[in-house]
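Remarks on the overall topology
Letter by letter, the chains look like this.
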Amino acid sequence: ARLKEGLSKTKKGITDKVDILIKSYQKIDEELFEELEEILITADIGVNTTMEVIDELRDAVKVQKITQPEKIKELLQEKLTTTLNELSSSDLNTESSPSIILVVGVNGVGKTTSIGKIAYKLKGQGKKVLLAAGDTFRAAAIDQLKIWGDRVGVDVIKHQEGSDPAAVIYDAIQAAKARKMDVLICDTAGRLHNKKNLMNELGKVFKVVEREFPQAVKEVLLVLDATTGQNAIQQAKTFKEVANISGLVLTKLDGTAKGGIVIAISKELNIPVKLIGVGEKMEDLQEFNASVFVKALFG
Ligand code: GDP
């Protein structure tokens, strides 16, 4: 229900428009395909993916000798599900204890909020979770993380503003070991001045993790704001060059009618979307599942 609610703007942007479109046609013709194409592109599904989907719909209509426009909606739902299913996908890997999750992304995308939500989710699964305030450049980031930690009921390892992020992560790893934590979730600096800068900052943190916690299962999650569309894709490309991203967290899907970005991003970057944010509350984080996602849009 939360997912459906969170995707209601995108549903208006895609499904409701498709409904209106097919009602205005008596038969399937090229014009219908063109209008459908426009709807998908407007929803940020991406030009290439849209072309692919439309071509396949055209073929399906021909091969299956479909004539009623209503059938198009069903076909579209099927096609979007397969497109998403084809993309590499996997759940958040925190199976082994210890596991460590490094969370990266530009300031303002919802990094801190997502860390809080992930902590809440894992704690609900009975895991012992610890947070590390690795974004030491902003006092607000440290405070925010602490607020989330208190809210969820998990501890936060933090240093003062301006201290070395790698030192915080080091301390957090020692604490996680000593307290036999299942999962350590680390915030990291979100300043994206330039690639070299980012590489230096993240590189040091990754090194500490490799050295101190070699046995831990690692996830590197990149948080992206779905409302920023193509900009999010650009950010992802930069991060991909400096870090081995294992999955994406796409936030603020509730704030956009262009939720098709999920498809464009995973397709273009070939990195699985693991989690999606559909609101500001603790519970508003969902594991991403292609058919559930498409069903929520069409249902
Ligand atoms: P950070 O700078 O990347 O750590 O960003 P924050 O976690 O502080 O989030 C920035 C703003 O985005 C806050 O006001 C959050 O409540 C909001 N936010 C984060 N995730 C979501 C989401 O999935 N949906 C909505 N509507 N707001 C979100």
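If you're wondering where the values come from, they're calculated on a predicted model, not measured in any experiment.

Calculation rules
- Residues numbered from 1 in each chain as written.
- Predicted model: local features only at pLDDT ≥ 70, side-chain atom pairs only at ≥ 80, totals over all residues.
- Heavy atoms only, no water.
- Salt bridge = Lys/Arg side-chain N within 4 Å of Asp/Glu carboxyl O.
- Helix = DSSP H or I, 4+ residues; strand = E, 2+ residues; numbered from the N terminus.
- Buried < 20%, exposed > 50% of the residue type's maximum accessible area, 1.4 Å probe, protein only.
- Axes fitted to C-alpha atoms, helices over the stretch in contact; angles between N-to-C directions.
- Parallel < 35°, antiparallel > 145°, perpendicular 65-115°, else oblique.
- Contact = heavy atoms within 4.5 Å.
- 1 Å grid on protein atoms, 1.4 Å probe; cavity = no way out; pocket = protein on both sides within 12 Å on 5 of 7 lines; lining within 4 Å.
- Points joined across faces, edges and corners; volume = space filled by probe spheres on them.
- Nonpolar A, V, L, I, M, F, W, Y, C, P; charged D, E, K, R; others polar.
- UniProt positions renumbered as here; feature names shortened; annotations may be inferred.
- Pairing = 2+ DSSP bridges.

What about the pattern of salt bridges?
- Evaluated as defined, the whole model comprises 19 salt bridges.
- For Lys73, the salt bridge goes to Asp19, with nearest N and O atoms at 3.0 Å. With Lys73 in helix 5 (residues 70-86) and Asp19 in helix 2 (residues 8-23), the pair connects residues that are 54 residues apart, well separated along the chain.
- What makes Asp19 partly exposed here is its relative accessible area of 21%.
- A salt bridge links Lys267 to Glu52, with the nearest nitrogen and oxygen atoms 3.1 Å apart.

Details of the packing of helix 2 against helix 12 (residues 290-298)
- Orientation of helix 2 relative to helix 12, taken along the N-to-C sense of each, is 75°, at an axis distance of 8 Å. Judged by the inter-axis angle, helix 2 sits roughly perpendicular to helix 12. Of the residues in helix 12, those in contact with Thr10, Lys11, Ile14 and Thr15 of helix 2 are Ala296, Leu297 and Phe298.

Remarks on the layout of surface pockets
- When its volume is computed, the largest pocket comes out at roughly 330 Å³.
- Those elements that place two or more of their residues in the lining of the largest pocket are helix 6 (111-124) and helix 7 (139-152).
- A total of five residues in the lining of the largest pocket trace back to one element, the largest contributor, which is helix 6.
- Within the lining of the largest pocket, the residues separate by chemical class into five nonpolar, nine polar and six charged.

Quick word on the UniProt feature "domain: SRP54-type proteins GTP-binding" (unreviewed entry) in the protein
- When the UniProt feature table is mapped to this numbering, "domain: SRP54-type proteins GTP-binding" (unreviewed entry) covers residues 272-285.
- Secondary structure content for residues 272-285 is 0% helix and 43% strand, and the end C-alpha separation is 16 Å.

Comments concerning the sheet that holds strand 4 (residues 183-187)
- Pairing within the open sheet is mixed, and its eight strands lie in the order 3-2-4-1-5-6-7-8. Pairing within the sheet leaves two strands with one partner each, and these edge strands are strand 3 (155-157) and strand 8 (285-287). If you compare each strand with its neighbour and ignore which way they point, the axes differ by 25° on average.
- Note: strand 5 (residues 217-225) against strand 6 (residues 247-251), five bridges, orientation parallel. Opposite Leu224, over in strand 6, you have Leu250 as the bridge partner.
- In the packing of helix 6 onto the sheet, the strands contacted are strand 1 (99-104), strand 2 (129-132), strand 4, strand 5, strand 6, strand 7 (273-277) and strand 8, and the crossing angle to strand 4 comes to about 175°.

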